[in-house]
Amino acid sequence: MAQTITEKILAWHAGRDKVRPGELINARIDLALANDITAPLSLEAFREMGAERVFDPAKVVLVPDHFTPARDIAAAENCVLLRNFAREQGLENYFDVGRVGIEHVMIPEEGLALPGEVIVGADSHTCTYGALGAFSTGVGSTDLAMAMALGEVWLRVPESIRLEYAGELRSWVGGKDIILYTIGKLGVDGARYRAMEFHGPAIDALSMDGRFTMANMAIEAGAKNGIFHVDVKTKEWLEGRSPRDYRIFSSDSDASYAEKIEFEVSDLEPQVAFPHLPSNVRPVSEAGDIALDQAVIGSCTNGRLEDMEIAARILKGRQVDPRVRTIVIPGSQPILKEMVKRGWMEIFLEAGVAVSTPTCGPCLGGHMGVLAKGERAVSTTNRNFVGRMGHVGSEVYLAGPAVAAASAISGRLTHPREVMD
Amino acid sequence: MAGMVLEGKAWRYGRNVDTDVIIPARHLSLTDPRELGEHCLEDLDPEFVNRVEAGDIIVAEENFGSGSSREHAPLALKGCGVSLVIAASFARIFYRNAINVGLPILESPEAVQGIKMGDHLRVDLEEGLIENISTGNKYHSPPFPPFMREIIAGNGLVEYVKRRLRG
């Protein structure tokens, strides 16, 4: 029976030849991760389960990235729980402030996620690693406790949607624009419980950083996972990151899909998701006159090297509007180091930008840029729900790094070509 | 959960009630369900936490619980006394979390259509029978798959794993 890449990976991890959509399986996992918000509940459940040791100290990762460096005493206390557990269990990969990155940027960088693996994380954006041809999905804290204790997770095998992107992207258009456009077409529950499988020439041409951005936001269409096939770019990106072997799976040509959708993206403009849903998308040229108070460039969606490079290209020799507080947050320490080495740090500082240590911070209204009532931000993050970045009366406009940087300069939502030409 | 009959008044909300409004991220340093419950739904309906009574039932349209994986969301609902959520559909991580922490949930687009804010409801969880006492209408919700019933009957995922670890 023909199968999709998602079905093949799950079958292998369930010790089966094949699985069918809708089946409930127990799958062996290759990595379990949690952060400073979700891990405290996981550790409580882990103890309640009567578990003493994690199933494998090399395959459990705790990442204190959300409210860190600790924003207040309660956040600091939660980090103590993670730190102590990591020491007690001898976790091989525990990164603290000064070494830690945003989990979904850092984990692939550190070679902790590989093609063909099954990865669960107590964070909804765990779907990011699908960019590497892995099955990865977000779960809750109790699920994660089971994964830490048994090295297994219960899953319903998802139906797959095949998304095909034809054409060639224009300049200033990237992975964020494709995925926002897609979510705009599907709706925030258009892929609910399903696997989103990305194909086509525009995807082949996309950088790995662009693919991570797209897989990251599969959850915003309600999907269980987003997944790409391994190609030469994936292999190059993985070189030297991990001593572990990996297995490459691919969908059979006659695999069955719940839906097949084709997009032509040659004319795609940079996209913006208006408040208060990631599906409320329009091209930036139709944004109208939206004056801004803040711009955020970073997060597990767009805190990678390519995102920083795009922002630096646009901000080079320019100043952000004094009314727009602009915050750049690289996703990891290696990215921050590169920013310094390549001279981008100086560009940002000269432009009047605040550069932060890696943290999820403002994306979920935690710290490092919380919005007041009536304020508006353009942000390269992933959600613009009511109150997401602060006051319930604030607004978040989601965009890629090019639109965010250009808009920081002009003070209102702007197409990058307007400041660059 | 088996054989349990719940009664309470309905709090009726729309589509895409996301986890950021169920429990805003500013409160995520908390883990105690009661403390979380004090802030439940405050960004969607500021009156809710002041007026919710133990046993009340949330009734919402499609994609309830969308967004983040925070288990704080079903815990906050439990913590403020909500006994059940009925929705036209649930976001998948919320669905898992609710089952895992023992917050009963039922899927029934028909019931959601037929229930207004403040209606008095009686629900038999085992039968999946939803009765709107205020209107006299009855609705059915499909039963859970056997594997999930096993988790629910065993009092949540913690107990399920406990048995596995002992065995």
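Residues numbered from 1 in each chain as written. Chains lettered and ligands numbered in written order. Predicted model: local features only at pLDDT ≥ 70, side-chain atom pairs only at ≥ 80, totals over all residues. Heavy atoms only, no water.

Asks: Tell me about the domain arrangement of chain A, residues and numbers included.
Replies: All names here are of chain A. Considered domain by domain, chain A is made up of domain 1 (5-262) and domain 2 (271-420). Relative to domain 2, the C-alpha centre of domain 1 lies at a distance of 24 Å. Contacts between domain 1 and domain 2 engage 36 residues on the former and 43 residues on the latter. Across the interface of domain 1 and domain 2, roughly 3100 Å² is buried in total on both sides, 62% from carbon and sulfur atoms. Area buried by domain 1 at its contact with domain 2 is led by Ile102, Trp172 and Lys176, which between them contribute 25% of it. At the boundary of domain 1 and domain 2, one finds 1 salt bridge. The interface formed by domain 1 and domain 2 contains 24 residue pairs in polar contact (both at pLDDT 80 or more). Elements represented by at least two residues in the side of domain 1 that touches domain 2 include exactly α4 (103-109), α6 (175-186) and α8 (208-216). It is α6 that contributes the most residues to the side of domain 1 that touches domain 2, 6 residues altogether. Classifying every residue of the side of domain 1 that touches domain 2 by side-chain character gives 14 nonpolar, 14 polar and 8 charged. (Domains from an automatic or database assignment. Contact = heavy atoms within 4.5 Å. Buried area = accessible area lost by both parts, 1.4 Å probe. Salt bridge = Lys/Arg side-chain N within 4 Å of Asp/Glu carboxyl O. Polar contact = N/O pair within 3.5 Å; in protein donor to acceptor, adjacent residues only side chain to side chain. Helix = DSSP H or I, 4+ residues; strand = E, 2+ residues; numbered from the N terminus. Nonpolar A, V, L, I, M, F, W, Y, C, P; charged D, E, K, R; others polar.)

Asks: Pulling in residues and values, what's your account of the nonpolar core?
Replies: Counting residues in hydrophobic clusters, the biggest one holds 131 residues, and the most contacted among them are Phe48, Ile58, Phe64, Leu77 and Phe94 of chain B. Built from parts of two domains, this core gets at least three residues from each of domain 1 (5-262) and domain 2 (271-420) of chain A. With near-sequence residues (within four places) excluded, Leu77 of chain B lies in contact with Ile22, Cys40, Leu41, Ile58, Phe64, Val82, Val85, Phe94 and Leu103 of chain B. The next biggest cluster of nonpolar side chains, apart from the first, holds 56 residues, and it includes Val63, Ala131, Leu371 and Met389 of chain A. (Core = buried A, V, L, I, M, F, W, Y, C linked by side-chain atoms within 4.5 Å. Buried < 20%, exposed > 50% of the residue type's maximum accessible area, 1.4 Å probe, protein only.)

Asks: Break down the interface of chain B and chain A for me, with residues and values.
Replies: Listed by partner, the interface residues are 43 residues for chain B and 52 residues for chain A. Carbon and sulfur atoms supply 59% of the area that chain B and chain A bury against each other, a total of about 3800 Å² over both sides. Counting the surface chain B buries against chain A, the share from its top three residues, Ser29, Arg92 and Arg96 of chain B, is 19%. Joining chain B to chain A, the criterion identifies 4 salt bridges. The residue Arg96 of chain B makes a salt bridge to Asp143 of chain A at a minimum N-O spacing of 2.7 Å. Where chain B packs against chain A, one counts 18 residue pairs in polar contact (both at pLDDT 80 or more).

Asks: Could you give me a rundown of the packing of helix α11 (residues 305-315) of chain A against helix α13 (residues 344-351) of chain A, with the residues and numbers involved?
Replies: All names here are of chain A. For the pair α11 and α13, interaxial distance at closest approach is 9 Å and the crossing angle is 50°. Classified by the angle between their axes, α11 and α13 sit oblique to one another. In the crossing of α11 with α13, the sense of the turn from one axis to the other is left-handed. On α13, the residues touching Leu305, Met308, Glu309, Ala311, Ala312 and Leu315 of α11 are Trp344, Ile347, Phe348 and Ala351. Among the residues making up the contact of α11 with α13, the classes are represented as 9 nonpolar, no polar and 1 charged. (Axes fitted to C-alpha atoms, helices over the stretch in contact; angles between N-to-C directions. Parallel < 35°, antiparallel > 145°, perpendicular 65-115°, else oblique. Left-handed = near helix turned anticlockwise from the far one by under 90°.)

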